[in-house]
Amino acid sequence: MRTIRFALMGFGNVGKAFAKLLIRKHEEIRSLYDCDVIITAVTTNSKGNIYKPEGIHLQLILDDLESAGRFSPARCTEKSSMEILETGEYDCVVELSPLNIHTGQPATDYIRTAMERGRHAITANKGPIAWHYRELKELAEARGIGFYHETVVMDGTPVFNLAEHTLKMTKITRVEGILNTTTNYILEEMAKGIAMDEIMARGREMGFVEADPAMDIEGYDAAAKVTALLNVLMDADITPDMVHRKGIEDITYDDVRDAASRGKKIKLLCRGFRDAEGKVTAIVGPEEVDMTDMYASISGTTSVVSITTDLMKKISIIEHDPEIEQTAYGVYGDMLRVIKEILG
């Protein structure tokens, strides 16, 4: 039975949820694919790094985090993430490190290093797709390896798989939607008249509002997401700083009430389209939409993306109130693609 080895760069909430899913599905993978899957490396910024070519016992390191908040020193290595990527044994890197929304680093360097060794790559990090997608895609093609990233925009919702596998020979001309759940939640709660302090406190309790929500409120996260969509779906080759960006930081309760009095809702919308000259333009900003519009029905932490094509016209995908398991499944689905590619 063949063994396929994965190295995890990052082990936050997504990494832990992915590990739990892999434990649960391990025997099913062995049975279905006639191969064994092992994790040979797990690296983090603050919990320690582990490297075991023979395979890491995932439940033990999950237990470490539950009891001590970091990996047991007895399991850890002095090797850095980059040293493991440069010399370690693995068939695929799974890049789950924290997002740097302004540069896409060090995640891009992690992926590039693995690819240059001929290793497959999976990422749940939107940074590399928003800042360096074309370079990484071309490197993967040159090395004949897989490069998968289903989770970077809408958790495990199969947006990229839909376009790649079921919209063949169509031309995507426009992408739009509500992609940032934090701002959508805030605007929905403002419409109910709830105080901002309470809105933010509830959001933090539910786990999707950051301690510093500026990246969401000022539209940076949405800009990175629409950039990633346009780079993959429309070969835009743009970066987040090229997006015409405006967040919801200046939206007031009066704005929300006034819109409602006219039968409208305010939503932070992302839009991208190609003009007659072939240039792709990306816009993020608050807009008023009619109460009868589909986007007005997108509530709470739900998100939606609409793809317009020449042959299939407009298709919309809605992700309802995602939890961390959906993101973990997106990574897991990409892992299954790598397994199939390796096994041929």
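You'll find the structure just up there.
These lines cover the structure that appears in this document, whether it is placed above or below.

What counts and how
- Residues numbered from 1 in each chain as written.
- Predicted model: local features only at pLDDT ≥ 70, side-chain atom pairs only at ≥ 80, totals over all residues.
- Heavy atoms only, no water.
- Core = buried A, V, L, I, M, F, W, Y, C linked by side-chain atoms within 4.5 Å.
- Buried < 20%, exposed > 50% of the residue type's maximum accessible area, 1.4 Å probe, protein only.
- Helix = DSSP H or I, 4+ residues; strand = E, 2+ residues; numbered from the N terminus.
- Contact = heavy atoms within 4.5 Å.
- Pairing = 2+ DSSP bridges.
- Expected span 1.5 Å × (residues − 1).
- Salt bridge = Lys/Arg side-chain N within 4 Å of Asp/Glu carboxyl O.
- Polar contact = N/O pair within 3.5 Å; in protein donor to acceptor, adjacent residues only side chain to side chain.

### Focus: the nonpolar core
One finds Met115, Phe147, Leu229, Leu230 and Leu233 to be the most contacted residues of the largest nonpolar core, which totals 65 residues. Looking at this core element by element, the count peaks at 8 residues for helix α11 (residues 220–234). For Leu233, the residues in contact, after removing those within four places along its chain, are Val159, Phe160, Ala163, Ile172, Val175 and Ile307. Ala19, Cys35, Tyr332 and Ile339 belong to the second largest nonpolar core, which has 36 residues in total.

### Describing the pairing of strand β12 (residues 314–319)
Residues Ile315, Ile317 and Glu319 line the buried face of β12, whereas the alternating positions Lys314, Ser316 and Ile318 sit on a face that is not buried. Sheet topology places strand β11 (residues 303–309) next to β12; 6 bridges connect them, and they run antiparallel. The partner of Ser303 across the bridge, within β12, is Glu319.

### What about helix α7 (residues 159–166)?
Here α7 has its buried residues at Val159, Phe160, Asn161 and Ala163. Contacts from the buried residues of α7 go to α6 (151–154), β7 (172–178), α11, β11, β12 and α13 (324–343).

### Some points on α13
Taking 1.5 Å as the rise per residue, α13 with 20 residues should run 28 Å; its terminal C-alpha atoms sit 29 Å apart, in good agreement. Within two residues after α13, Gly344 carries a phi angle of roughly 75°, on the positive side.

### Concerning the pattern of salt bridges
Tallying each qualifying case throughout the model produces 28 salt bridges. Taking the shortest distance from any N to any O, the salt bridge between Lys126 and Asp221 comes out at 3.2 Å. Linking Lys126 in helix α5 (residues 126–143) with Asp221 in helix α11, this pair joins segments that are 95 residues apart in sequence. Relative accessible area serves as the criterion here: at 8%, Asp221 is assigned to the buried category. Note that Arg271 and Glu287 form a salt bridge whose closest N and O atoms lie 2.9 Å from each other. Taken together, the positions of Arg271 in strand β9 (residues 264–274) and Glu287 in strand β10 (residues 280–290) put the pair 16 residues apart, joining distant regions of the chain. With a relative accessible area of 16%, Arg271 lands in the buried category. The exposure class assigned to Glu287 is partly exposed, which follows from its relative accessible area of 25%.

### Some thoughts on the sheet that holds strand β6 (residues 147–148)
Overall, mixed pairing links the 6 strands, which are arranged β3-β2-β1-β4-β5-β6 in an open sheet. The sheet terminates laterally at β3 (50–51) and β6, the two strands that pair on one side only. Alignment of strand β5 (residues 120–123) against β6, held across 2 bridges, turns out to be parallel. The residue bridging Ala121 from the neighbouring strand is Phe147, located in β6.

### Comments concerning the side chain of Lys267
The residue Lys267 is located in strand β9 in this model. Polar contacts involving the side chain of Lys267 include one to the side chain of Glu188, which spans 2.6 Å. Reaching out from Lys267, the side chain makes a polar contact with the backbone oxygen of Ile298 at a distance of 2.6 Å. Residues within four places of Lys267 in sequence aside, it is in contact with Ile178, Asn184, Leu187, Glu188, Gly285, Pro286, Glu287, Val289, Tyr295, Ala296 and Ile298.

### A few points about the sheet that holds β12
Read from one edge of the open sheet, 6 strands run β8-β10-β9-β7-β11-β12, paired in mixed fashion. For this open sheet the edge positions go to β8 (244–245) and β12, each flanked by a neighbour on one side alone.

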